[in-house]
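# Coordinates in review
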Amino acid sequence: MFGFLKKLFFRRRFRRENPHSDTLVEEKWDADFSKSSQVRFDIKSEISHDAYIQNKSLVLGLKKNNCIAWAADPLYRYADQVLEARIALEPLGGYAAAGLMFRMVDEGTFYSVLFSSKGYFRVDVVRNNTPLTLAGWTELPPEQGVSEPPPEPPAEGSRTAALTIVAYGDHLLVLINGQWAAELRDGTIPSGRICFCLASYEAEISREVNSGGEERPAYTARASLESFSVESRLGEVSARYETWADSPRIDPRSRLRLAETFTAIGRPQAALAQLKKAWESPGTAREPRELLLASRLALDLGLTGEAETYIGACLEAGLHTPYGRSAALEKAALLHMEGSMEELRQYGEEMVKIFPRDGEFLTFLGRAYVNLARYEDAARCYDLILELDGENGLAAKNAADSYELAGRKGEALDRYLKAGRVFLSQGNYEALGNLIPKLLSLGAEDWEARGLAGKWAFGIEDWAMAAKEFSRAEKLRKVLDPLPPEDPALVFLRGLLLLREGKRAKALTLLEKAAALAPDYALFRFRLAETRFLLREDPRDPKLLADLDAALALAPEDGWVRNLAAQIALSRGEPDEAAVHLEQAARSLGEVPAIRVNRGVMYYLQGSLDKALELLSVAEDEDPEGVLANCGGNLLVRSGRYEEADVYYQKALAVNPGNVEYCCNRASCLIELGAYGEADALLTRVPASTPAVLELIAFVSVKKGEYPRAEAASRAALDLDPHYIPSLFSLGWIYQTQNHWDKLGEILSLLDKEVLRGEQAARRDDLARRLEEGVSRLIPCASCGRTWRVPRSPEPAPPIRLFAMPPDELPAGTCPECGSTYCIGCGKEHLDADSRFVCPQCGKTLKLIDEGLKRLVYDWAAGAIP
């Protein structure tokens, strides 16, 4: 209710210019709802509600869920006042409340009294938009003539209530249906206006068709103010208040209900006062349940003597009555509060005999033993609690403390580890954090203790400590004999740390291991599939698909798994399959930005970029992380509309300026626009912590002619991920441009170890061709076109004498006049008188001048002639 009042109040201003609007008056006014012209309330319709006169009643109808609206009487202000209203509430199938606001100074300062469709009422004061509950939801007073309250809370539905509010100084008296409901003290707001109000909670907005055939929202709730009056004359207000002040007509059950409400909102003094007043009513007996509540309230107030009296009266009925055990526990709590440890020990031992498997009595007995320095006895009590409830982390922690005080360090560490595991599974990082000093002290050389400390550090996002403790835990585990099995969760978290550092390839190894250790854990298979996809960007990778299928089988209703399945389907160009996954993801997660992003991609693949951009173009408050704007930029880039894409990227960076992905995307867009300097300036603001960032720096550096910087960036990317294919290609092109052929050969060897398909395989072949062209040249036969590939800078071939004719495909020689080269097969057709090869064009004798050609002949001769 606090959050509702604070966040969801619709700012409705019902102000009418009136010369007397600030006048504080004393009057008796009965509202007349027979004609709109005679109604002092502002009657108007807004986007959230309608206000109108119908059947001599003022009606409010809400059009929205989770909102409150009101109609104000702007004419006068009232201080002391008696408000009387009859209100009919219709929740229309949902949950709603109606009532009055009074002493309203402005939209953020007022009192309110509401009754709900579930049969409860509440009283609040709001000052400067800060709500304070005076009486939380309390069951409506019993009807006259009903001796016992209903066994169950009233059913939700339409109801009519006669509401009377007496505001007299700082006294606030509430009557409902003529019965006393509450009396409160609060002087926060001395005067103000009055309003009729209606609130709707969690209702479904149905739709109906109007006479024109158009759909319009129906009301989520409706309330009718059937009658209303104000009495603000001081004497009359005072008399009305005195009529009910401590009146014997007040039903004690109403006081008991109010006492329970005060207890729930942390007002023990007010709650105890109401209990006492209820008991003062003639013929009212003190029930055990009420005595037990009174004892707890007295203990909260430090009234130990009074609490002991209530507990004693409750125990008179016996221990095995419905409230006997609870009263006995209150007595134990009282003894503990008083510091009567020996008496608590005796009482605890007696109660444990009666309730031998009761963890609460064992806890009090353990506390007594600790305070009496009987630490091993205390530890046994807490261990017994652990046997009863293995998920009781506090009992494990208490046992550990007791064992440590007893000097039994091994047992203490074991219990601290048990407590830590429980707190971790419960997500109670505060309690786990309190154990970390003990774990690191007693378990400095224990791999499980170190691992648990690392998990805690990971949970509170202390990444450096987490990495340190995980590393230490693994070193300690590996030296043990026999070697304990690895902890799958610890392996998984180590992988996530590497993902944070951008080291996806190294992380993949650990995630694969975690999934192998716990193959039936959906989260492990999900993150493994996600990492494979982000690392290789191959939506048809068999391993990726196997992990995704496993995650879907283990968690078919998980929205994030379904969203990843949709993303992979979109990467394969299968929007129809993606649509199925997105519908299931939305049912689980709602329309979160990640799902809207994939919907946008789906529309794009279906040929509707405009529809995608319409979905992704939202106000800043609907895209607080900028993911929708970033996606819009990506789709525009894919469409070649780079200038428009840059606008979207700037919008994303405006709300999330440190996002590395957004910076990289905009830098890539600027590169396409030829704005290399601006792209470089943007990248300098991004931590060079991922291969993608470093690769972009390398690309921009090449465009600016800064090859050493480009090479350094690509090398740094490969240091993070040795298998990062874009950087391998970048280095290859850098080395080809600079004629570093040996280094290019090394890059090609690395690429040959990777699985390359499609465009990547073609790029690898292109690099290999350029390497070949860079280190060698082709010499053709001028006659038949046969070619020989020889090194561009060959070493001199050793001298050789031939005693046999080489084969026709080898070179015969080169003409020293025209430079033409001929093969032996063609040269045989042109021999001089001495059977030497001559040029058919010039007639000059052919000679083996080129060292590369000489090497070809030498290599043949060395292999063919002994």
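Scroll up for the structure.
Let me begin by describing the structure that accompanies this report. Just so it is clear, the structure is predicted and the values come from calculations on it, not from any experiment. (Residues numbered from 1 in each chain as written. Predicted model: local features only at pLDDT ≥ 70, side-chain atom pairs only at ≥ 80, totals over all residues. Heavy atoms only, no water.)

Helices and strands together make up the secondary structure of the protein chain, namely 34 helices and 20 strands. Taking 2.2 N^0.38 as the reference for a compact globule, 866 residues should give roughly 29 Å; the C-alpha atoms of the protein chain span a radius of gyration of 42 Å, well beyond that estimate. Taking the principal axes of the C-alpha coordinates as reference, the protein chain spans close to 150 × 80 × 40 Å. Residues classed as buried in the protein chain amount to 48% of the 866 residues present. Across the protein chain, every contact between residues at least 6 apart in sequence was considered, and the portion connecting residues at least 24 apart equals 58%. When the accessible surface of the protein chain is summed, it comes to about 41,400 Å², and 49% of that surface belongs to carbon and sulfur atoms. (Helix = DSSP H or I, 4+ residues; strand = E, 2+ residues; numbered from the N terminus. Rg over C-alpha atoms; globule rule 2.2 N^0.38 Å. Buried < 20%, exposed > 50% of the residue type's maximum accessible area, 1.4 Å probe, protein only. Contact = heavy atoms within 4.5 Å. Areas by Shrake-Rupley, 256 points an atom, 1.4 Å probe, with all protein chains shown as cover.)

Looking along a regular strand, one sees side chains alternate from face to face of the sheet. Burial runs high along strand β8 (residues 120-127): six of the eight residues are buried. As defined by bridge partners, β8 adjoins strand β9 (residues 130-139) across seven bridges and the pair is classed as antiparallel. From the neighbouring strand, Tyr120 faces β9, where its bridge partner is Glu139. Connecting β8 to the next strand, β9, in antiparallel fashion are two residues, including Asn128 with a positive phi near 55°. (Pairing = 2+ DSSP bridges.)

If you look at the biggest cluster of nonpolar residues, it comprises 85 residues, and the most contacted ones within it are Phe41, Ile87, Phe102, Leu225 and Phe228. Broken down by element, this core gets its largest block of residues, seven residues, from helix α5 (residues 288-300). Excluding anything up to four places from it in sequence, Phe102 contacts Gln81, Leu83, Phe110, Tyr111, Ser112, Val113, Ile165, Ala167, Leu172, Arg193 and Ile194. Of all hydrophobic cores here, the second largest spans 67 residues; its members include Phe364, Ala396, Ala473 and Leu498. (Core = buried A, V, L, I, M, F, W, Y, C linked by side-chain atoms within 4.5 Å.)

Here we come to the environment of Ser639. Note that Ser639 resides in the loop between α24 (627-638) and α25 (642-655). Note on Ser639: relative accessible area 31%, which makes it partly exposed. Through-space distance from the C-alpha of Ser639 to that of Tyr604 is 9.5 Å; in sequence the pair is 35 residues apart. Excluding its chain neighbours within four sequence positions, the residues that come into contact with Ser639 are Tyr604 and Leu609.

Another point: the pattern of salt bridges. Under the definition given, this model contains 69 salt bridges. The salt bridge involving Asp358 is made with Arg325; its shortest N-O contact spans 2.5 Å. You can see Asp358 sitting in the loop between α8 (341-354) and α9 (359-371) and its partner Arg325 sitting in helix α7 (residues 324-338), a full 33 residues away along the chain. In this structure, Asp834 and Arg836 form a salt bridge, with 3.3 Å as the shortest nitrogen-oxygen distance. Asp834 gets classed as exposed once you look at its relative accessible area, which sits at 56%. Accessibility expressed as a relative area gives 42% for Arg836, which makes it partly exposed. (Salt bridge = Lys/Arg side-chain N within 4 Å of Asp/Glu carboxyl O.)

Taken residue by residue, helix α2 (residues 234-244) has Val237, Ser238, Tyr241 and Trp244 as its buried positions. Projected onto a plane normal to the axis of α2, the buried residues spread over an arc of 130° and lie on a single side. Looking at the buried positions of α2, the neighbouring elements they touch are β5 (81-90), β10 (159-168), β11 (171-176), β12 (179-185) and β16 (221-231). (Arc of directions from axis to C-beta.)

Glancing now at the packing of aromatic side chains. Following the criterion strictly, the structure yields 13 aromatic pairs and no others. With a centroid separation of 5.6 Å and 70° between ring planes, the pair formed by Phe41 and Phe228 is classed as edge-to-face. With a gap of 187 residues between them, Phe41 in the loop between β1 (28-30) and β2 (49-54) and Phe228 in strand β16 connect regions that are remote in the sequence. Among the residues examined, Phe41 registers a relative accessible area of 1% and is labelled buried. Consider the rings of Tyr168 and Tyr241, whose centres lie 5.5 Å apart with planes at 40°: the pair is tilted. Within this pair, whereas Tyr168 is found in strand β10, its partner Tyr241 is found in helix α2, the two being separated by 73 residues in sequence. (Phe/Tyr/Trp six-rings, centres within 6.5 Å; stacked < 30°, edge-to-face > 60°.)

So, on to the sheet that holds strand β7 (residues 109-116). On the basis of which strands lie adjacent, the open sheet formed by six strands has the order β4-β13-β6-β7-β8-β9 and antiparallel pairing. Both outer strands of the open sheet, β4 (67-78) and β9, are each paired with one neighbouring strand and no more. Each strand axis lies, on average, 15° off the axis of its neighbour in the sheet, ignoring direction. Direction of pairing for β4 relative to strand β13 (residues 192-201): antiparallel, over a ladder of eight bridges. Across the sheet, Tyr78 pairs through a bridge with Gly192, a residue of β13. (Axes fitted to C-alpha atoms, helices over the stretch in contact; angles between N-to-C directions.)

Across six bridges, the pairing between β2 and strand β3 (residues 57-62) is antiparallel. Counterpart to Gln54 in the pairing with β3 is Ser57. What sits between β2 and β3 in their antiparallel hairpin is a turn of two residues, with Asn55 showing a positive phi close to 50°.

Turning our attention to the state of the cysteines. By definition, a disulfide links the sulfur atoms of two cysteine residues through a covalent bond. Throughout the structure, instances matching the rule amount to zero disulfides. Cysteine Cys781 is unpaired, with the sulfur of Cys784 as its nearest cysteine sulfur at 3.5 Å. (Disulfide = S-S within 2.5 Å.)

Keep in mind these values describe shape, not function.
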